[in-house]
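Commentary on secondary and tertiary structure
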Amino acid sequence: MSNLIDGRAIAADIHRETSIRVADLRQRGVQPGLAFLRVGEDPASQVYVGMKEKKALELGILSHTTVLPEATTQADLLARIDRLNADPACHGILVQAPLPAHIDSAAIYASVSPEKDVDGFHPVNVGRLLLGDGGGFLPCTPAGVHELLVRTGVQLPGAEVVVLGRGNIVGKPMASILIQKSPTANCTVTLCHSATRDIASHCRRADVIIAAMGVPEFLKSDMVRDGAVVIDVGVNRIPDASSKSGTRLVGDVAFAEVQPKCRWITPNPGGVGPMTIAMLLANTVTAAERQSKKNQKTR
Ligand code: GUN
């Protein structure tokens, strides 16, 4: 029996659920709208935004991408976000990271209306996640990892989980999701980072390991106990003389040696990646549902 978690198949299930919600909204005269802002020509960002846009279109979500030059000022970007915040046809706003170094990313993410923050990066949504009140938006990648675990039937309550990496986009929110008092969480979470002593000993105790520190093939087989569940969030480009481009993509997990020890493991690609898009579009539809409900009340 395969021990691979098929992220593409699980994402397809979520897309089906989302498209039913889109049809429901459209029947009530609400067309969900998602705005992308991309600054500069980062090649990975171009690909990611293109993929998100394509899937939005397939699901019947109206999307619009604005591409701004690298030299765009903070004031210009803030003014564009203000206009989108005020635009009733736009239910979700996504400012693709990374932003150029001269832009204060934290200020940009704080300027997106929390009701339209489908990335879950606004401080209000970060706080609501920690509080576990369910009224905000969860960041797409950790929310996608959580869905993978739940829909694969991994027993989370009481599980020992190690999260590798403390980034704001994955590691910190991942830990926050899994510590919530909920039948689909209730985990004991250890968050390891660059100053952790003996990461291997933490990993060897874990029922579930989520690798999101951005170090190519960091997690080796001697760090994983038999029967563990391993989720690889890493996307790292490394030199490879045998490839046409001279590089190739690898995750944070040494997949070939770790897979035989696992109860479940995500392939990479085809594991976490498709889930990020699925959760973004589900968040966008949630935003449209909430905003249309609010408009009905105020009418
Ligand atoms: N860059 C990499 N991942 C993400 C994400 O989830 N959202 C945004 N806005 N940018 C990203």
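Residues numbered from 1 in each chain as written. Predicted model: local features only at pLDDT ≥ 70, side-chain atom pairs only at ≥ 80, totals over all residues. Heavy atoms only, no water.

1. Details of the environment of Leu 130
Along the chain, the position of Leu 130 falls in helix H5 (residues 123-131). A sequence separation of 45 residues divides Leu 130 from Ala 175, and the C-alpha atoms of the two residues are 9.5 Å apart. Beyond its immediate chain neighbours, meaning those up to four positions away, Leu 130 contacts Ser 176 and Gln 180. (Helix = DSSP H or I, 4+ residues; strand = E, 2+ residues; numbered from the N terminus. Contact = heavy atoms within 4.5 Å.)

2. Some remarks on the sheet that holds strand E3 (residues 92-95)
With respect to topology, 3 strands assemble into an open sheet ordered E2-E1-E3, the strand pairing being parallel. The sheet is open, and its two edges are formed by strand E2 (62-68) and E3, each paired on a single side. Going from strand to strand, the sheet's axes swing by 15° on average, the running direction of each strand aside. Each of strand E1 (33-39), E2 and E3 touches helix H2 (residues 43-59); the most contacted strand, E1, lies at about 170° to it. Across the sheet, helix H3 (residues 74-86) is in contact with E1, E2 and E3; its angle to E1 comes to roughly 180°. (Pairing = 2+ DSSP bridges. Axes fitted to C-alpha atoms, helices over the stretch in contact; angles between N-to-C directions.)

3. Quick look at the packing of aromatic side chains
This structure, assessed with the given rule, holds 1 aromatic pair. Consider the rings of Tyr 109 and Phe 121, whose centres lie 5.0 Å apart with planes at 85°: the pair is edge-to-face. Of this pair, Tyr 109 sits in helix H4 (residues 105-111) while Phe 121 sits in the loop between H4 and H5; the two residues are 12 residues apart in sequence, bridging distant segments of the chain. Residue Phe 121 is classed as buried on the basis of its relative accessible area, which comes to 19%. Directly above the ring of Phe 137 sits Arg 290, whose terminal nitrogen or CZ lies 4.8 Å from the centroid. (Phe/Tyr/Trp six-rings, centres within 6.5 Å; stacked < 30°, edge-to-face > 60°. Buried < 20%, exposed > 50% of the residue type's maximum accessible area, 1.4 Å probe, protein only. Lys NZ or Arg CZ within 6 Å of the ring centre and 35° of its normal.)

4. Observations regarding the site of the ligand
With respect to spatial proximity, the complete set of residues near the ligand consists of Leu 94, Val 95, Gln 96, Ala 97, Asp 119 and Phe 121. Measuring from a nitrogen atom of the ligand, one finds a side-chain N or O atom of Gln 96 at 3.2 Å. Between the ligand and Asp 119 there is a distance of 2.5 Å, counted from a nitrogen atom to a side-chain nitrogen or oxygen. Protein contacts shield 83% of the accessible area of the ligand, which totals 280 Å² for the unbound molecule. Considering only residue class, the shell around the ligand consists of 4 nonpolar, 1 polar and 1 charged. (Near = heavy atom within 4 Å. Polar contact = N/O pair within 3.5 Å; in protein donor to acceptor, adjacent residues only side chain to side chain. Areas by Shrake-Rupley, 256 points an atom, 1.4 Å probe, with all protein chains shown as cover. Nonpolar A, V, L, I, M, F, W, Y, C, P; charged D, E, K, R; others polar.)

5. Focus on the nonpolar core
Core analysis: the largest hydrophobic core is formed by 47 residues, its most contacted members being Leu 149, Ile 210 and Ile 231. The dominant element in this core, judged by the number of residues it contributes, is helix H10 (residues 273-298), at 9 residues. Sequence-distant contacts of Ile 210, that is, excluding residues within four places in its chain, are made with Val 145, Leu 149, Val 161, Val 162, Val 163, Leu 164, Met 174, Leu 178, Ile 231 and Val 233. If you look at the next biggest cluster of nonpolar residues, it comprises 18 residues, including Cys 192, Ala 200, Met 223 and Cys 262. (Core = buried A, V, L, I, M, F, W, Y, C linked by side-chain atoms within 4.5 Å.)

6. Some details on the side chain of Arg 38
Mapped onto the secondary structure, Arg 38 falls in strand E1. The contacts of Arg 38, once residues within four sequence positions are left out, are Ser 45, Gln 46, Val 49, Thr 66, Val 67 and Leu 68.

7. Things to note about the pattern of salt bridges
Summed over the entire model, instances satisfying the criterion amount to 12 salt bridges. Between Arg 248 and Asp 240 there is a salt bridge, with its nearest N and O atoms 3.2 Å apart. Here the residues in one salt-bridge network are Glu 17, Glu 147 and Arg 151, joined through shared partners. (Salt bridge = Lys/Arg side-chain N within 4 Å of Asp/Glu carboxyl O.)

8. Details of the pairing of E1
With 7 of 7 residues buried, E1 is to be regarded as a mostly interior element. Residues Gly 33, Ala 35, Leu 37 and Val 39 line one face of E1 and the alternating positions Leu 34, Phe 36 and Arg 38 line the opposite face, and both faces are buried. Of the strand pairs in this sheet, E1 and E2 are connected by 7 bridges, and their pairing is parallel. Directly across from Val 39, in E2, lies its bridge partner Leu 68. For the crossover that starts at E1, traverses H2 and ends in the parallel E2, the hand is right-handed. The pairing of E1 with E3 spans 4 bridges and is classified as parallel. Along E3, the bridge assignment pairs Ala 35 with Ile 93. (Right-handed = clockwise from strand over helix to strand, strands pointing away.)

9. Quick word on the sheet that holds strand E10 (residues 262-265)
The parallel open sheet is built from 5 strands, whose spatial order is E5-E4-E6-E7-E10. Pairing within the sheet leaves two strands with one partner each, and these edge strands are strand E5 (188-192) and E10. Adjacent strand axes in the sheet meet at a mean angle of 15° when their direction is disregarded. Packing against the sheet, helix H7 (residues 171-178) makes contact with strand E4 (160-164), E5 and strand E6 (208-211), and its axis sits at approximately 170° to E5.

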